[in-house]
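Now for the letters of each chain:
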Amino acid sequence: MKILRVVACLLVVSLTASLRADDKARFDLVGPTIDIRVTRGSSTLPIAEVPNLEPGDKIWIKADLPPSQSNHLILIVAFLRGTTNEPPDNWFTEIDTWDKKTVEGTTVTVPGGAEEALLFVAPETGGDFKTLRSAVKGRPGLFIRADSDLNEASFEQQRIERYLAAMKTVAHDDSKAIQEHSEKLATTLALKPNADCFKQPVDQQVICLTQSSAPVLLDDGHGQSIAEAISTGPSSDFINAASYTQPVGAGLYSAYVGAVVDLVHLVGMLRTAQYQYIPGLSFPQGPSLSLRLNAPPSFHKPESVIVIGLPAIQKAKLPPLHPHDIDQVACLLQPTVTIPLEGAPLVFSTGFAHNLILHLNRTGSPTDIPLTPDAFEGGLVAVKKKEKDGPLQGPTPEGDNAQPAKSGVKIGATTDLTITGTVRGYWGFDSFEGPTITIQQVKGKNWKIVDGHPLLAGQDNHLALKGDGSACVEHIALVSNNTKDLNVSFKSADKDARDTLALDVSLKTVQPGGYSLAIQQYGDSDRDKVPLTAYTAGVHLDSVKMHNGDKTAVLTGEGLKDVVSVEINKQTFTPSAKGNDDKTIHLQADTGVSPDDGSNATAKLKDGRTMVVKISAEAARPELTLLSLRATPVQKDGVLPVSVGAKDDILLEGRLTFVVQTKDAFPRTQTIEVATADGSVHTTLSLTENNLVLQDDHTAVSTLDPLKAFGQSAFGKLQMRPVAADGTPGNWTPLGVLVRTPQITAIHCTTADAPTCTIDGNNLFLVQSFGAAKDFVKPTEVPTGFAENNFTVPTPADGATLYLKLRDDPNAAATVTLPTPVQKVTSPAASANQTAAPASDTKPPALETITPHPSAAPAPKPDPSTPTPTSGPPNDRN
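Report on the accompanying structure.

The rules behind the values
- Residues numbered from 1 in each chain as written.
- Predicted model: local features only at pLDDT ≥ 70, side-chain atom pairs only at ≥ 80, totals over all residues.
- Heavy atoms only, no water.
- Pairing = 2+ DSSP bridges.
- Helix = DSSP H or I, 4+ residues; strand = E, 2+ residues; numbered from the N terminus.
- Axes fitted to C-alpha atoms, helices over the stretch in contact; angles between N-to-C directions.
- Disulfide = S-S within 2.5 Å.
- Buried < 20%, exposed > 50% of the residue type's maximum accessible area, 1.4 Å probe, protein only.
- Core = buried A, V, L, I, M, F, W, Y, C linked by side-chain atoms within 4.5 Å.
- Salt bridge = Lys/Arg side-chain N within 4 Å of Asp/Glu carboxyl O.
- Parallel < 35°, antiparallel > 145°, perpendicular 65-115°, else oblique.
- Left-handed = near helix turned anticlockwise from the far one by under 90°.
- Contact = heavy atoms within 4.5 Å.
- Nonpolar A, V, L, I, M, F, W, Y, C, P; charged D, E, K, R; others polar.

Attention shifts here to the sheet that holds strand β38 (residues 649-651). The sheet built from five strands is open, its strands ordered β38-β45-β44-β40-β41 with mixed pairing. The sheet terminates laterally at β38 and β41 (682-685), the two strands that pair on one side only. Averaged over all pairs of adjacent strands, the angle between their axes in this sheet comes to 35°, without regard to strand direction. Sheet topology places β38 next to strand β45 (residues 733-739); three bridges connect them, and they run parallel. Across the sheet, residue I650 finds its bridge partner in β45, namely L738.

Here it is, written out as structure tokens:
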């Protein structure tokens, strides 16, 4: 056996080299045409509709030669039986094509016991008929194999050419149509196109599929059984493998070259000094059997004999058709109904299947709808007639056995919405019944969206639409009163979701708002509408975080600018005015709530939608109650005291003492955070730092040196809150407003009638303006950027109190009291009423002397140009 394998492989390899040299594997030469019809009983079919012969069949044969045919050709019909059993002489029939007796054709009857039929076309020579008969009888096995390979190669070539011809009709600039029709053709014809072609530019894809490469033929057991190939073993294994290789394939014909290689080998072995045998592939069309040759016939010795395979003599091998999808439902309302079927490529590449109908199994008068195999559409196509034309009945072959097979499906077994239909027809002379499919006969209704996913504007969406019957949906669009209709692509959902369509809705250019799905069904001029809303895209809620008892919460996620409110434990929380962005929103409510951790809150969006979000609830925050507060100023030597203008003002250069209390025992690990409202400065008070002292289990006294804790640049609203040992903060409690004051060392005034005084000191820039009185009618503004140590101010109206507005709290009026009020100059009228004095005793008007702070060093001798310092009592905030 191993030796035979090696010999077979070496033999075919040598044949491969010769094929590549002379290109004998390419069948592109047109041969003669033979007209053939077959009669069985009283029925007659053209050769294109005959997949098999049976003993007793009458074969009518006539050569369709041109009138100018000068060479006499003879036709020889030969019947064979077994590889080792030579046929009798009367199984060979000679037909002289030039004889007037054969003008109307010759009828040959298939003898009993015959298994194969061959047709030879040979030139007329002396002893030609007997020579050929002797050659066939001497080696019947080779000719049986040749007949089988001829039929198989013909079937395969018809499948390929049907694919190529159909693909050439597809628009070369429509990539979607190219791929869609290629898939349909490949499924029905059992082919595998070159996938690399779809990677090329769209205008080159069809050329690639039809010219640059050929589809690979997939296994078709049905076609092989019809050809009745009898070869087995190493030779056939090699040929099958060779059919998938490019070196042996010779271009477009690589898919069926296996049979050709073997055929060329066979006929080469039959070559004699008188004859050389040329295989002819048959392409039947109606009664005509067109031939294609791989070499031109020769009329010189050795003369050419064309070998043609006729259908195998056997029982009919009915096509094993089955649905592409057993769950698919066809729509009877379509003008053209396509039933996707596969499993029998010869149904779509040959005329063997004919007079096909779809028999509707429904109550009343059954209807038969003609079917046409259409590989381009991927199945059997039914074109319905109008109801007024009456019941549809497909044509049948002539003769007494021309009745379609009866259906085994019970009529009325399905609902009014759907019925069943059975594929019936003929395979050659034999009737057959194909698969039964489900058919929807009325339009669908009760449409609704079932997947629950919201439709989001600005992005692609996937929805599931369910109804009572979805097979008859022709078109779906997204419509509204203000925008153009937007087409929606759809397909049947998974088999587990019956009557459900999967929709792809692209809303990248659509604004949020109200829309409808407009569903157009076959045979219905009206559209069913399903209302829906396109919501704002990009909103994602992560969680709501809060502490039990809080009036505040924090919502995190994406797109939070569209959140209007969040309901927690029946309490509505709304976004606060500050501190929010697209990823974080601070919420507040009038009443605190204590939700369960992991429970749900409901967020309401601007577009009216509600979304559920999980709550992350933590333990209640620590609480403190402020019982009292005292801010004590620290007086420095040589500095006039500044009295602040509001009760809640807290001097930076002072000491702050406040008392707090807790409901439960004050935790020793708890601290108090003191900070400005903007968080720019802060400090922590604790028992360990000794700036927090327990008065009892519930009460603590806090002491704070603001200047030491915060530095010279601290100002603004001051607040405090408790902080638990784990870092959980409590709510803020306001303490007051932290303010800074200038250090005024002296005030120089002349008289009360003088418009201005001069002050000396440090940090005078902390004052916004000075006023002579509390109403600040004509204030003196301290310019921004001022950094000098003296400044001209209005003379106090009462001669004793100078008013200030501090930059850290400009809404309140602070005061500085002059130690010695400003003295007034004696008026001239008063001097006239006094007793006149000698001119030498007359004195100038009294002038105010320099009055420093009492703790300052003794003042120098008065200077007429120097004002007298004064001070006054503090005043409250206006």
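Within the structure shown, the criterion is met by two disulfides. The disulfide partner of C331 is C472, and the gap between their sulfur atoms is 2.0 Å. Between C331 and C472, the disulfide has an S-S torsion of 105° and is therefore right-handed. Highlighted residues: C331 in strand β14 (residues 329-331) and C472 in the loop between β24 (460-468) and β25 (473-479), separated in sequence by 141 residues. Each member of the pair C331 and C472 is classed as buried. Note that C749 is cross-linked by a disulfide to C757, the S-S spacing being 1.9 Å. In this structure the cystine formed by C749 and C757 twists about its S-S bond by roughly 115°; its chirality is therefore right-handed.

The next subject is the nonpolar core. Core analysis: the largest hydrophobic core is formed by 53 residues, its most contacted members being I36, F79 and F120. Of the residues forming this core, the biggest block, eight residues, is contributed by strand β4 (residues 73-80).

Let's shift gears to the pairing of β41. Only one face of β41 is covered, namely the face carrying T683 and L685; the face carrying H682 and T684 is uncovered. Taken together, the four bridges between strand β40 (residues 671-676) and β41 define a ladder with antiparallel strand orientation. From the neighbouring strand, A675 faces β41, where its bridge partner is H682. Counting the residues between successive antiparallel strands, the hairpin from β40 to β41 contains five residues, one of them, G679, with a positive phi of roughly 75°.

Per the stated rule, a full pass over the model turns up 21 salt bridges. With its nearest N and O atoms 3.9 Å apart, the salt bridge here joins K137 to E86. Of this pair, K137 sits in helix α2 (residues 128-138) while E86 is found in the loop between β4 and β5 (92-96), placing the two residues 51 residues apart along the sequence. D524 is the salt-bridge partner of K443, the closest N and O atoms lying 2.7 Å from each other. Here the residue K443 occupies a position in the loop between β21 (430-440) and β22 (445-449), and D524 occupies one in the loop between β28 (513-521) and β29 (527-536), the gap between them amounting to 81 residues. Residue class for D524 comes out buried when judged on its relative accessible area of 15%. One continuous salt-bridge network, built from bridges that share partners, spans R40, E54, D57 and D430.

Bringing the packing of helix α3 (residues 140-167) against helix α4 (residues 175-189) into the picture now. Running from N to C, α3 and α4 point in directions that differ by 165°, and their axes come no closer than 10 Å. The angle between the axes of α3 and α4 places the two elements in the roughly antiparallel class. When the axes of α3 and α4 are compared, the crossing they make is right-handed. Taking contact as the criterion, the partners of R159, R162, Y163, A166 and M167 in α3 are, on α4, I178, H181, S182, L185 and L189. A breakdown of the residues in the contact of α3 with α4 according to their chemical character gives six nonpolar, two polar and two charged.

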